[in-house]
Each structure stands twice: as structure tokens, then as C-alpha cells.
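Examination of the molecular architecture
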Amino acid sequence: MNSNRAQLVEPVGPDDHVEGPADAAITLVEYGDYQCPYCGQAYAIVKKLQSDFGSSLRLVFRNMPLTNVHPQAELAAETAEAVALQGKFWPMHDVLFENQRDLSATALLRYAEEVGANASEVASALSDGVVRKRVKDDVESGIRSGVNGTPTFFVNGERYDASWDYESFRDYLKDVLEQS
Amino acid sequence: MTTNTSDVFAPSAPLQPGARAPEFSLFAAPGQKVTLTELEGPVVLIFYPADWSPVCSDELSMFESANSLFSDRGAQLLGIAVDSVWSHVAFKADRRLNFPLLADFHPKGEVARSYGVYRDQDGVTERALFVLDAEHDVAWSHVSPIGISPGVDGALRAVEALS
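**Quick look at the overall build of chain A**
In terms of helices and strands, chain A carries 7 helices and 5 strands. Its helices and strands taken in sequence order, chain A reads β-β-α-β-α-α-α-α-α-β-β-α from the N to the C terminus. Taking 180 residues into account, the globule formula puts the C-alpha radius of gyration at 16 Å, and chain A, at 16 Å, falls close to it. Here chain A holds 180 residues, and the buried ones make up 43% of them.

**Focus on the sheet that holds strand S3 (residues 57-63) of chain A**
Residues and elements named next belong to chain A. Within the open sheet, the 5 strands sit side by side as S1-S3-S2-S4-S5. Their pairing is mixed. Where the open sheet ends on each side, the last strands, each with one partner, are strand S1 (17-19) and strand S5 (158-160). Each strand axis lies, on average, 25 degrees off the axis of its neighbour in the sheet, ignoring direction. Packing against the sheet, helix H1 (residues 37-53) makes contact with strand S2 (26-32) and S3, and its axis sits at approximately 160 degrees to S3.

**Quick notes on the interface of chain A and chain B**
Contact residues are listed per partner, giving 13 residues for chain A and 18 residues for chain B. A class-by-class count of the residues in the side of chain A that touches chain B yields 6 nonpolar, 5 polar and 2 charged.

**Details of the pairing of strand S4 (residues 152-155) of chain A**
One ladder, built from 4 bridges, connects S2(A) with S4(A); its direction is antiparallel. Note that in S4(A) the partner of A:Val29 across the bridge is A:Phe154.

**A short note on helix H4 (residues 105-114) of chain A**
Residues and elements named next belong to chain A. Residues Leu 108, Tyr 111 and Ala 112 constitute the buried set of H4. An end-on view of H4 places all buried positions within 105 degrees of arc, on one side of the element. Exposed residues on H4 whose side chains face more than 90 degrees from its buried face are Thr 106, Glu 113 and Glu 114. The secondary structure elements touched by the buried residues of H4 are helix H2 (73-84), helix H3 (89-98) and helix H5 (119-128).

**Notes on the confidence of the model for chain B**
All names here are of chain B. Residues of chain B with pLDDT of at least 70 account for 93%, and the chain-wide mean is 93. Below a pLDDT of 50 lies the segment residues 1-7, which in the model reaches 2 contacts outside its immediate sequence neighbourhood of four places, other chains included. We note a pTM of 0.92 for the whole complex and an ipTM of 0.91 for its interfaces.

**Comments concerning the environment of B:Glu59**
You can see B:Glu59 is positioned in helix H2 (residues 54-71). Residue classification places B:Glu59 among the buried positions, given that 25 C-beta atoms sit within 10 Å. Remark: the alpha-carbon pair of B:Glu59 and B:Ala103, spanning 44 residues in sequence, is separated by 17 Å. Residues in contact with B:Glu59, not counting those within four places in the same chain, are A:Asn148, B:Tyr48, B:Ser149 and B:Pro150.

**Points about the nonpolar core**
Core analysis: the biggest nonpolar cluster contains 97 residues, and B:Val44, B:Leu45, B:Ile46, B:Leu78 and B:Leu102 have the highest contact counts within it. Setting aside anything within four residues of it in sequence, one finds B:Leu102 in contact with B:Leu26, B:Phe27, B:Ala28, B:Val34, B:Leu78, B:Gly79 and B:Ile80.

**Quick look at the pairing of strand S8 (residues 127-132) of chain B**
Residue and element names in this part refer to chain B. Across the 6 residues of S8, 6 count as buried, placing the element largely inside the fold. Of the two faces of S8, the one carrying Arg 127, Leu 129 and Val 131 and the one carrying Ala 128, Phe 130 and Leu 132 are both buried. Across 5 bridges, the pairing between strand S3 (residues 43-47) and S8 is antiparallel. Across the sheet, Val 43 pairs through a bridge with Leu 132, a residue of S8. As defined by bridge partners, S8 adjoins strand S9 (residues 138-144) across 6 bridges and the pair is classed as antiparallel.

Rules used throughout
- Residues numbered from 1 in each chain as written.
- Chains lettered and ligands numbered in written order.
- Predicted model: local features only at pLDDT ≥ 70, side-chain atom pairs only at ≥ 80, totals over all residues.
- Helix = DSSP H or I, 4+ residues; strand = E, 2+ residues; numbered from the N terminus.
- Rg over C-alpha atoms; globule rule 2.2 N^0.38 Å.
- Buried ≥ 20, exposed ≤ 12 C-beta atoms within 10 Å, placed from the backbone.
- Pairing = 2+ DSSP bridges.
- Axes fitted to C-alpha atoms, helices over the stretch in contact; angles between N-to-C directions.
- Contact = placed C-beta atoms within 7 Å.
- Nonpolar A, V, L, I, M, F, W, Y, C, P; charged D, E, K, R; others polar.
- Arc of directions from axis to C-beta.
- pLDDT = per-residue confidence, 0-100.
- Core = buried A, V, L, I, M, F, W, Y, C linked by C-beta atoms within 7 Å.

Structural data, given as C-alpha cells:
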């Protein structure tokens, strides 16, 4: 490992949102913001990478809403976490990135219902502060890990500083896989 | 005679831990100066190349997200770039940053030079971070590649190590 690169300080744990097997050779942790257009681009690229690498890739998503530039990102993140309490995080995550142009409070509750969540339970999770703490904890772990913008990716615990365009990222992950 | 331009300019030599932080008094807004000697507690100086650039925006947004972690330790964040105060005012409002952006504008880059992080080759500051302790001695410094946002973790660890 290149010790000059920032390292993930909070290991992937049972509270994380994970897609892919625990023994995958590659663990890709993304710190993202639902209102960030670059994260929207990265969403499609990560989907392709998941399809390319199959069970060799485990994806983890953590929240990094940059609320100073993205005023709707915090509520979107909290709503996704509220939906996650009902076991439907990934469908909600996908719907949010596919509908970045409308992240109003009304739209968020509509998306929650569309993915099969109970909207009134989502609303009460939002008001009782539990999900706000979850997002805040993600932000702090990201800050302490050297997240330097959105999206920031960590590959097997090390910050990925090169380009995340599809070809570059795929080729890098191929190398990681071959060396594993 | 031709000279490779990369040979003409000395590499940046950022002040190292233990050095006395050079004093400065710079405009943060029209008519409003920030003076180092008037600040109490630790200070984090965030030298960045330019208002409006995407990498700088990411970097400063990350510091904004971490602002409360710094203020919990009594530390004050200060951005510094060579842009004019009017650019800073517009940039700060647009990005909704709650810490001051100081204009190292005239004489251009004088403060950056005093910290060893002015880039003569392109007339901007390095992407550099300094953590000053409560006595305003340099406790930690770091220069990033100009195109890579450094993140906040190094400066935060340095501030937390002060107490």
C-alpha cells in the first residue's frame, strides 16, 4: 500500500450499506452526495463496474452531503437512511441518483413510497434525529479518512486519487484484482 | 540562450514545524481586515490557488463540512488566495462558506511568499496547509500537488494533537 495516500479510518462494518460478498477481492467504498452532479455521473460508472467485476467487487456507500453547495443533499441523505431502516437502502439510493433533478422534500417521500417504504415511518425517522446522527457520523468518518470532495472512493481502504472515468477506473480495479 | 522554465523557479519551501508564523493583515471583505496577532487560539491557514476552480471548491467545501470539528477545538479556519477581495466576497457567498477568505492581493502573494508557498511560475499560491498553535508557531504544514484536494484529515489531526 502506498502510505502517502489517505486511508479509510472506519473499516467496513455491520452498519454499512453493502452490495456484494464480504469476501470480495475488491471493496469499493464511496463517499457521495445525492445532489452532486459528479456523483450522478459516477453512479452509472459504478453500476458498470459492478456488472464487470461481479462477485469480486463489494460496494459500500457512505454519506458526504456537501450542504454548503448542495442545499437538498442533507435531507436526501437522511431520507435514504430512513428508508434503509426498512431494508430498502439500495433501491432508494438508485432512485435518488436517477432523479437528481428533483430532490424536493415531497419528491423524496414519493420516491420512498415507490421503493416500497412506509412514508409515515420515514417521516418519523426524519423527525426523531436518528438518521441525522447516522449521516453526521458518516461525514465525520469521511473527513477523518481524507475525503477530499465528492465523490471520493477508497479501494481496499486506500483513497483512489486517479480519474474515475470508466476505463481508467476499470483498468485500475483489474490490476488490483490481479494482484490479490 | 534557452532555459528550461522548470529550472528557473525554486521549489516551494513551506515553513516547517517550529517556525514562527509570519504576521499578516489582509482584507477578508471591503474595509474588514483579519490580523493574525488579533486572533486567539490555533489557526488553520488554507492557501489555495484560485477562487472558482473546481478543485479549490471541493477543498473549501470539505473544510466547511469540518468547520465545527475545528471550532470545537477553538481553531479558526482562514482561506488565503491571491484573488481580490471582490472575487472572494462573491465566491464565499456562492459557496456559502462560513470562514474568512483573505485576499493576498497587494503586494500580490506577499503573505504566501513569507510562508514559502508562492508559485512564481504561475502567479498563484501552492495548495498548502499550515496549522498554527495558540502561540502562532507552525505546528504542521503540508503542500499538496496543485491538482489534488488534500482533504481535511491531516490538518484536523494536527489541531487535535495540540491539546
